[in-house]
Amino acid sequence: MATQHSRSAARLMMAPAVVLLLGWMLIPLTMTLYFSFKKYLPLRGGDLGWVGFENYVRFVTSSAFWPSVMTTLIIVGGVLAITVLFGILLAILLNQPMWGQGVVRILVIAPFFVMPTVSALVWKNMFMDPNYGLLAHLWEFFGAEPVQWLSQASLTSIVMIVSWQWLPFATLILLTAIQSLDSEQLEAAEMDGAPATKRFAYITLPHLGRAITVVILIQTIFLLSIFAEIFVTTGGAFGTKTLTYLIYQRVLESQNVGLGSAGGVYAIILANIVAIFLMRIVGKNLDA
Amino acid sequence: MSFRNSVYAATAMSLVTAGGAFAEIITIATVNNGDMIRMQGLTDDFTAKTGHEVEWVTLEENVLRQRVTTDISTKGGAFDIMTIGMYETPIWGANGWLVPLDDLSAEYDVDDLLPAMRSGLSHEGTLYAAPFYGESSMIMYRTDLMEKAGLEMPKAPTWQFIREAAAAMTDRDNDINGICLRGKAGWGEGGAFITVTGNSFGARWFDEDWNAQFDQPEWAEALNFYVDMMNESGPAGFATNGFNENLSLFQQGKCGMWIDATVAASFVTDPEDSTVADKVGFALAPNSEGVEKRANWLWAWALAIPAGTQKEDAAMQFIEWATSKDYIELVAEKEGWANVPPGARSSLYENPEYQKVPFAQMTLDSIKAADPQNPTVEPVPYVGIQFVAIPEFAGIATEVSQEFSAAYAGQQTVEEALAKAQALTNDAMEAAGYR
Amino acid sequence: MARAVTQQRKIINTAAAWAVGLLIFFPILWTILTSFKTEAQAIADPPIFLGFDWTLENYSAVMERSNYGRFLWNSVIIAGGSTILGIIIAIPAAWSMAFVPSKRTKDILLWMLSTKMLPAVGVLYPIYLLFIQLGILDTKVGLVIVLMLINLPIIVWMLYTYFKEIPGEILEAARMDGASLKDEVLYVLTPMAIPGIASTLLLNVILAWNEAFWTLNLTAAKAAPLTAFIASYSSPEGLFYAKLSAASTMAIAPILILGWFSQKQLVSGLTFGAVK
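Residues numbered from 1 in each chain as written. Chains lettered and ligands numbered in written order. Predicted model: local features only at pLDDT ≥ 70, side-chain atom pairs only at ≥ 80, totals over all residues. Heavy atoms only, no water.

Describing the overall build of chain C
Turning to step 1, where the next piece is worked out: Helix and strand counts for chain C come out as 14 helices and zero strands.
Turning to step 2, where the next piece is worked out: When its C-alpha atoms are laid out on the principal axes, chain C stretches across 75 × 70 × 30 Å.
Turning to step 3, where the next piece is worked out: Looking at chain C as a whole, 59% of its 276 residues qualify as buried.
Turning to step 4, where the next piece is worked out: Considering only intrachain contacts with a sequence separation of at least 6, the fraction spanning at least 24 residues in chain C is 77%.
Turning to step 5, where the next piece is worked out: Counting every atom, chain C has about 10900 Å² of accessible surface; 69% of that belongs to carbon and sulfur.
Turning to step 6, where the next piece is worked out: Charged side chains of chain C number 18 positive and 15 negative; the gap between the two group centres comes to 7 Å. (Helix = DSSP H or I, 4+ residues; strand = E, 2+ residues; numbered from the N terminus. Buried < 20%, exposed > 50% of the residue type's maximum accessible area, 1.4 Å probe, protein only. Contact = heavy atoms within 4.5 Å. Areas by Shrake-Rupley, 256 points an atom, 1.4 Å probe, with all protein chains shown as cover. Lys, Arg positive; Asp, Glu negative; His and termini not counted. Charge placed at Lys NZ, Arg CZ, Asp CG, Glu CD.)

Quick word on the sheet that holds strand 10 (residues 280-284) of chain B
All names here are of chain B.
Turning to step 1, where the next piece is worked out: Pairing within the open sheet is mixed, and its four strands lie in the order 8-9-7-10. Sheet topology places strand 8 (177-180) and strand 10 at the edges, where each strand pairs with a single neighbour. Between one strand and the next, the sheet's axes are offset by a mean angle of 20°, whatever the strand orientation.
Turning to step 2, where the next piece is worked out: By the bridge criterion, five bridges tie strand 7 (residues 137-142) to strand 9 (residues 255-261) in an arrangement that is antiparallel. Its bridge partner lying in strand 9, Met 140 is registered against Trp 258. (Pairing = 2+ DSSP bridges. Axes fitted to C-alpha atoms, helices over the stretch in contact; angles between N-to-C directions.)

A look at a negative patch on the surface
Turning to step 1, where the next piece is worked out: A grouping of B:Glu107, B:Asp326, B:Glu329 and B:Glu333 is seen on the molecular surface, where their side chains present a negatively charged patch.
Turning to step 2, where the next piece is worked out: By relative accessible area, B:Glu107 is classed as exposed at 68%. (Patch = residues over 30% accessible without salt bridge, like charges linked within 9 Å, V, L, I, M, F, W, Y side chains within 5 Å. Salt bridge = Lys/Arg side-chain N within 4 Å of Asp/Glu carboxyl O.)

Here we look at the interface of chain B and chain C
Frequently, the measure chosen for interface size is the accessible area that the parts lose on association.
Turning to step 1, where the next piece is worked out: Facing the 31 residues of chain B at the interface are 25 residues of chain C.
Turning to step 2, where the next piece is worked out: When the shortest N-O distance is used, the salt bridge between B:Glu55 and C:Arg70 registers 2.6 Å.
Turning to step 3, where the next piece is worked out: In this assembly, chain B and chain C are joined by 11 residue pairs in polar contact (both at pLDDT 80 or more).
Turning to step 4, where the next piece is worked out: Of all elements in the fold, only helix 2 (34-41), strand 2 (53-59), helix 4 (61-73) and helix 11 (243-251) of chain B reach the threshold of two or more residues within the side of chain B that touches chain C.
Turning to step 5, where the next piece is worked out: The element contributing the most residues to the side of chain B that touches chain C is helix 4 of chain B, with seven residues. (Polar contact = N/O pair within 3.5 Å; in protein donor to acceptor, adjacent residues only side chain to side chain.)

Focus: the pattern of salt bridges
Turning to step 1, where the next piece is worked out: What the rule picks out here adds up to 27 salt bridges over all chains.
Turning to step 2, where the next piece is worked out: For B:Asp427, the salt bridge identified is with A:Arg58, shortest N-O distance 3.4 Å. Within this pair, whereas B:Asp427 is found in helix 19 (residues 414-431), its partner A:Arg58 is found in helix 2 (residues 54-61), the two belonging to separate chains.
Turning to step 3, where the next piece is worked out: Exposure remark for B:Asp427: the relative accessible area of 31% places this residue in the partly exposed category.

Side note on the sheet that holds strand 11 (residues 299-304) of chain B
Residues and elements named next belong to chain B.
Turning to step 1, where the next piece is worked out: On the basis of which strands lie adjacent, the open sheet formed by five strands has the order 2-1-3-11-6 and mixed pairing. Two strands in the sheet have a free side with no partner beyond their single neighbour: strand 2 and strand 6 (130-135). Going from strand to strand, the sheet's axes swing by 20° on average, the running direction of each strand aside.
Turning to step 2, where the next piece is worked out: Note that strand 3 (residues 81-85) and strand 11 share four bridges and pair antiparallel. Counterpart to Ile 84 in the pairing with strand 11 is Ala 302.

A short note on the interface of chain C and chain A
Turning to step 1, where the next piece is worked out: Across the contact, 102 residues belong to chain C and 93 residues belong to chain A.
Turning to step 2, where the next piece is worked out: Between chain C and chain A, roughly 9000 Å² of surface is buried when both sides are summed, and carbon and sulfur atoms account for 80% of that area.
Turning to step 3, where the next piece is worked out: For the chain C face of the interface with chain A, the top three residues by lost area are C:Ile24, C:Met117 and C:Tyr125, together amounting to 8%.
Turning to step 4, where the next piece is worked out: Linking chain C with chain A are zero salt bridges.
Turning to step 5, where the next piece is worked out: The interface formed by chain C and chain A contains 10 residue pairs in polar contact (both at pLDDT 80 or more).
Turning to step 6, where the next piece is worked out: Top contributing element to the side of chain C that touches chain A by residue count: helix 1 (residues 2-34) of chain C, with 20 residues.
Turning to step 7, where the next piece is worked out: Partitioning the side of chain C that touches chain A into residue classes produces 73 nonpolar, 20 polar and nine charged. (Buried area = accessible area lost by both parts, 1.4 Å probe. Nonpolar A, V, L, I, M, F, W, Y, C, P; charged D, E, K, R; others polar.)

If you want it as structure tokens, here you go:
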């Protein structure tokens with residue numbers, strides 16, 4: 001069907017996007033690789049010569065490295081688990097007949113519109129502050145000792161904040177998928193006396209497979225690089241330093257561009273490992 | 001705003017008779033502290049006087065620091081004036097990144113700048129940034145609670161007295177914490193505070209060969225003292241409290257004592273924002289018994305011109321305006337003497353009007369008690385009191401203070417935190433080629 | 001009987017959904033409420049929900065201090081410009097992937113997405129130097145380009161999934177009628193894909209609006225959008241909850257309103273090919 005003519009036309013049409021992204025990938029990537037082999041300290045006069053793999057060794061042997069990889073995985077994994085789980089429940093709920101469905105949907109998707117900096121500031125100050133935060137008042141109201149969220153439950157707090165931001169996205173995609181579910185099939189199963197849990201496990205969940213895949217894929221890409229939520233709330237203290245944040249510390253706080261660049265290369269490797277892992281597990285759902 | 005500015009500019013232009021002067025628009029990066037916000041509000045006065053207009057880039061401290069450092073080290077030229085501190089100025093000046101301020105006008109009276117401020121903002125005798133305001137640290141305490149506890153604050157107390165007084169003032173049922181101190185991670189937050197506390201216990205960051213000193217008993221003593229005292233008498237969650245958090249706690253009457261920047265004095269005595277405005281006393285920052293150094297730091301927020309800006313003349317005019325005696329008068333006239341930018345000029349402290357301000361004398365005494373050239377009991381190879389004036393320090397101290405904050409929050413012991421601090425400091429110093 | 005059950009279920013559903021919806025929305029509501037309080041009321045213990053003296057003083061303080069109009073305008077131009085430019089570049093690419101697929105189409109798509117995984121902070125210095133060289137530091141053009149590149153993979157992917165659902169026969173028919181490739185894309189395909197394009201547009205405006213690393217680090221005064229505006233209110237001296245709330249409300253209100261008005265389009269189109 002596709003002629004030679006349309007094939008070359010297709011290539012031509014794809015060219016701008018591909019070339020641009022290739023440039024956007026290659027230029028920074030090349031520069032990152034270049035800097036990662038250099039001793040590059042902006043505050044000490046910039047480029048101080050080649051150092052081989054020294055930056056790579058130093059970055060990975062730093063006591064902060066493995067904890068930061070773990071933190072990254074915990075945050076990504078935690079947020080994915082929460083958003084997918086609650087996203088499914090919420091999508092099912094929102095798909096039921098009710099009054100004011102449109103308004104409820106608006107309320108649910110609203111957090112997605114809030115910029116990460118603002119949501120981090122609001123959560124940190126107005127909810128999680130141990131003295132003035134609303135959660136502290138709530139705990140006190142029930143006679144409990146207020147939780148010091150950002151120091152004693154720091155990772156949980158960040159997972160909560162980020163999940164709040166991404167739950168709407170997951171819910172929306174899952175909701176659209178549920179709406180496309182053939183209701184006759186479900187009704188038939190109900191007639192046959194299949195209990196709700198079974199109907200969910202054998203009909204709804206398989207149908208949602210693709211949507212869950214999409215949610216996991218897109219969110220992972222964004223979650224691997226979350227920054228503002230940590231910068232604003234804990235500044236990397238209390239075990240909340242992700243790999244991205246560690247690179248930030250090396251590049252901007254320590255002003256060691258070479259070391260940070262080596263960290264950048266590790267981050268790319270980690271992202272690719274996660275991506276391959278994802279493809280293995282969920283890729284079959286994604287017949288692009 | 002910009003319309004009004006241009007009207008002023010036009011008026012000013014018509015007033016300028018000497019040839020060659022023409023209006024520029026300068027871009028200034030600054031921090032979102034109260035005094036700078038006030039300066040922003042008074043920009044019209046500058047525009048009226050010189051014809052130049054100002055674009056403000058006001059950012060939170062950490063963002064500002066990251067923004068201006070990137071720009072200056074790449075010679076980006078995004079700003080004509082940068083607001084920087086006593087830490088950055090000598091380092092950047094040494095790199096030749098700043099325009100030397102050695103050509104200030106006679107009426108600016110550069111000799112009027114407080115010697116401590118001037119030397120802290122110079123490199124090899126050349127001034128690279130003009131102090132907008134300067135500060136040390138001191139004790140602010142509630143006179144009423146002190147009296148209730150049956151104690152009297154000496155003018156120069158020791159840490160041992162402070163701990164005792166804090167315990168006596170603490171009243172958990174009424175939500176009163178004997179003492180509020182910084183615990184928040186970050187080299188300029190809790191890092192600065194614990195460093196001066198260390199100094200006042202005889203500890204130091206490095207020995208003369210740049211070896212980290214966190215394995216020394218003085219540090220263990222200082223850190224344990226701090227943690228024990230805060231657990232006894234500090235507010236819940238002090239591990240995340242910085243300047244702002246403590247300020248609002250104090251203003252809400254929840255602290256008996258607070259040791260922090262001298263500039264806070266004008267906030268805690270301002271009846272509009274503070275519920276305890278008329279019950280605040282001041283004293284010198286403490287030392288540990290038998291240690292000569294006190295927990296006084298020295299800091300200035302200063303205005304500097306990045307080398308290579310096209311608008312050097314206009315920028316220089318702005319700096320002369322903003323850090324002048326006239327500017328202080330201008331603020332005094334509009335907002336009262338208590339709200340003028342403190343700690344930069346000697347003449348301010350000689351002014352009889354300003355001497356009536358309750359915290360003026362203690363601020364000056366605190367500044368004078370700070371000596372950046374000799375910050376610690378034992379000799380050190382560095383300059384700076386609550387910081388070490390080397391480019392690597394900000395990164396190292398932020399990580400060290402994160403370890404400390406984790407200890408404050410009870411996530412690790414003081415010993416663990418010190419061991420980690422020792423290792424990571426030596427590691428980073430090695431990477432930088434000091435050891 | 002059956003009817004009564006349904007009615008009862010509907011009541012339960014409604015109650016549950018509203019409860020959950022309000023819970024999720026509450027932080028935003030609380031921020032908006034706080035923005036109308038005085039600083040003292042904002043930290044009152046116990047917290048005040050509605051019975052406070054409503055005031056606009058925080059908004060006037062923010063307006064007096066910051067040139068909100070310019071931040072807003074910059075945000076609009078940067079978010080809108082980058083999205084529109086991205087869509088113009090993405091449409092032909094998505095078209096060719098959807099209608100002339102090859103073995104490598106899936107790989108190319110995934111590769112495009114993978115370009116988003118490079119941690120931004122690691123390349124701040126290189127990109128900053130590049131921007132200086134090109135003279136586009138602190139310009140809207142520079143940010144439009146960067147944000148377009150950041151979001152391009154998402155745009156291509158979204159459009160591709162919509163295009164794929166359009167039956168190929170229609171294009172065949174158009175081709176039979178002698179439509180050129182250009183006509184085909186412009187007059188046949190694009191109109192059919194309008195809902196999909198609308199939803200892509202909305203999602204990417206939101207993403208670009210909320211991007212806070214590059215927009216903050218590559219701007220000074222002239223091109224700074226609302227992300228920089230909020231950075232000047234994040235931790236000032238003294239009490240600031242009410243002013244922070246006002247500034248926050250001002251930063252998110254435009255996109256919140258846009259989102260609410262267009263949520264139907266956003267919802268109906270946001271599938272990423274998840275629905276067969």
